[in-house]
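# Per-entry structural report
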Amino acid sequence: MLTKQYITELKHKGNGDISALINSQRDVRTINFILESLGHLPENFNPDFLYDLLHHNHSQVRLNAVKNIGKLNGKGDTRSLYNLYKNETDTSVRREIVSSIGRQRKSTNKPMLVDFLQDEDPKIICQAIRGLLVFEKDNEVEKSLRPLINHPNEMVRTIIYKEYYSKENKDKNVLPHTQTYDFLKNVVVNADVLEALKVAPDESVHLTFTSPPYYNARDYSIYPSYQAYLEFLEKVFIETHRITKEGRFLIVNTSPIIIPRISRSHSSKRYGIPFDLHPYLVKNGWEFIDDIVWLKPEASVKNRIGGFMQHRKPLSYKPNSITEYLMVYRKSTEKLLDWNIRSYDYETVKTSRVADGYETTNVWKIDPCFNKVHSAVFPVELCRRVIQYYSYKGDLVFDPFGGSGTVGETAKLLDRLFFLTEKENKYFEYMKFKNKNQTLFDDIKTQFLTLEQFKKEAKK
Ligand SMILES: C[S@@+](CC[C@H](N)C(=O)[O-])C[C@H]1O[C@@H](n2cnc3c(N)ncnc32)[C@H](O)[C@@H]1O
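Quick caveat, the model's predicted, so the values are computed rather than measured.

### Some thoughts on the overall build of the chain
- Along the chain, the regular secondary structure elements total 21 helices and eleven strands.
- Its C-alpha atoms give the chain a radius of gyration of 30 Å, clearly above 23 Å, the size a compact globule of 460 residues would have.
- Once the C-alpha set of the chain is aligned to its principal axes, its extents read approximately 90 × 65 × 45 Å.
- The proportion of buried residues among the 460 residues of the chain is 31%.
- Here the contacts in the chain between residues at least 6 apart in sequence split such that 69% fall between residues at least 24 apart.

### Some thoughts on the nonpolar core
- One finds F209, I251, I387, V397, V407 and F419 to be the most contacted residues of the largest nonpolar core, which totals 56 residues.
- Here V397 is in contact with H206, L207, F209, I387, S391, V407, A411, R416, L417 and F418, once residues within four sequence places are set aside.
- Core analysis: the second largest hydrophobic core is formed by 29 residues, I31, L113, L132 and L145 among them.

### Remarks on the packing of helix 3 (residues 28–37) against helix 5 (residues 59–70)
- Relative orientation of the contacting elements helix 3 and helix 5 amounts to 15 degrees, with a least axis distance of 10 Å. With respect to helix 5, the element helix 3 is oriented roughly parallel. The element helix 3 and its partner helix 5 pack so that their crossing is left-handed. For the pair formed by helix 3 and helix 5, the contact residues are V28, I31, N32, L35 and E36 on the first element and Q60, V61, N64, A65 and N68 on the second.
- The class makeup of the residues in the contact of helix 3 with helix 5 is five nonpolar, four polar and one charged.

### Brief notes about the site of the ligand
- Taken together, 19 residues sit near the ligand, with F401, G403, S404, T406 and K423 positioned nearest.
- A per-class count over the shell around the ligand returns eight nonpolar, seven polar and four charged.

### Section: the environment of Y165
- Mapped onto the secondary structure, Y165 falls in helix 11 (residues 154–165).
- Taking the C-alpha atoms as reference points, Y165 and T240, 75 residues apart in sequence, are found 23 Å from one another.

### Some remarks on the pairing of strand 2 (residues 205–210)
- Extensive coverage of strand 2 is indicated by the burial of six of its six residues.
- Looking at chain direction, strand 2 and strand 3 (residues 244–254) are connected through five bridges and run parallel. The partner of F209 across the bridge, within strand 3, is I251.
- Where strand 2 and strand 9 (residues 396–399) come together, two bridges link them in parallel fashion.

### Some remarks on helix 13 (residues 226–243)
- Helix length check: helix 13, at 18 residues, gives a terminal C-alpha distance of 26 Å against a target of 26 Å (1.5 Å per residue), a fit within 8%.
- Those residues of helix 13 lying buried are Y229, L233, V236, F237, T240 and I243. The arc that holds every buried residue of helix 13, seen down its axis, measures 110 degrees, which confines them to one face. In helix 13, the exposed positions angled more than 90 degrees off the buried face are occupied by Q227 and A228.
- Of the surrounding elements, those touching the buried residues of helix 13 are helix 12 (193–197), strand 2, strand 3, helix 14 (273–283) and strand 6 (286–295).

Conventions we followed
Residues numbered from 1 in each chain as written. Predicted model: local features only at pLDDT ≥ 70, side-chain atom pairs only at ≥ 80, totals over all residues. Helix = DSSP H or I, 4+ residues; strand = E, 2+ residues; numbered from the N terminus. Rg over C-alpha atoms; globule rule 2.2 N^0.38 Å. Buried ≥ 20, exposed ≤ 12 C-beta atoms within 10 Å, placed from the backbone. Contact = placed C-beta atoms within 7 Å. Core = buried A, V, L, I, M, F, W, Y, C linked by C-beta atoms within 7 Å. Axes fitted to C-alpha atoms, helices over the stretch in contact; angles between N-to-C directions. Parallel < 35°, antiparallel > 145°, perpendicular 65-115°, else oblique. Left-handed = near helix turned anticlockwise from the far one by under 90°. Nonpolar A, V, L, I, M, F, W, Y, C, P; charged D, E, K, R; others polar. Near = placed C-beta within 6 Å. Pairing = 2+ DSSP bridges. Expected span 1.5 Å × (residues − 1). Arc of directions from axis to C-beta.

Scope: geometric values only; no functional claims are made or implied.
Written as structure tokens, this is what we have:
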């Protein structure tokens, strides 16, 4: 039986032996086994048979032949690979050819790599870019790559941005990553969020966790249309993006809602808020990271299945909605998370470490919270998890739709700072009241400000 060890021995014996072995095989699986067992190729290895295999009618054999030619350390005949690329229809083989040519790091291969930039397959373009970036400070290479900043594919644009444009945009005058402005620390502003954010500086908050109004489903918010509602939220999250520090997170809690029918002859209408909002966020520089499902007990939600239970007629099935979404986004950046984490000192990293018992899945089972004053308050446990998993001690946590202030309250408990905006006077007064009772915001530094007062503080 053919073994890896036998193949290795033949490989080191020198020219011809492997070639003869392959030529004696009819079975494609055995040919692939031999090619996949070759490993590192010695100096005296004769690769001629590999070029013959580029014409094999089985794509896996061609792929393995290309891979082995790629190991020839610049001694391979790139022309044959390039010719194969021109006629090859198998995606994996085409990608491997580009990677093989790129790995050779030969400047004579540059025209081929530039040619690959025209390919329709974004992976091939990315491989070609990788191959070209090896030639640092090469004007010709830069001239071919820079225009790809307008390429339709997002991965291609991201690589080009990182290589050529991000450094150019680094003249911004922002505070060091872990720091923020004093006038934003532990502040609640009674104002429309868009008005308040006009005076908030770029890159000043570390985390935003919020639950926006539920379109027109609750009394505190009325919008002329669903489109107008989405466009309002778009503006809020564009501004939130501006004031968010590089590479930091936004977590938006929403769920589909239902607007009841106006009479029995009309139907109610359901709006998929998380799904409709998502494209607006991604379009404006929020990178999608995760979808977390908040799971509630069935007894705590509105009963919609009652009618169906009686008659069981298909099409009228309406399950009880026991979930909401926590959509997790990161402010797009070419920096890795490690860069964010390394901004903190040893002590902060140590004391912010998440303790045992953290949630390991994206389904969070948490009981909802009911409140006499506000109809949609966050459970503290929900805030606790988000703040602990997505911020460090001393960070500034923002909630544009402050409500009863749960985000502020929990941020405080977890040694973070908070900045809230809340439009409705009654909820603002409620937060103030809770603060008086020392059950919330028990820190003397907490400030409850009107828009005018906030603007004055910002100017100081
Ligand atoms: C779903 S509630 C948030 C509840 C909050 N998460 C809590 O734990 O209490 C949304 C809040 O946004 C407020 N709001 C609506 N439009 C606003 C705006 N333009 N600016 C600031 N707050 C607004 C509403 O008054 C409401 O209190």
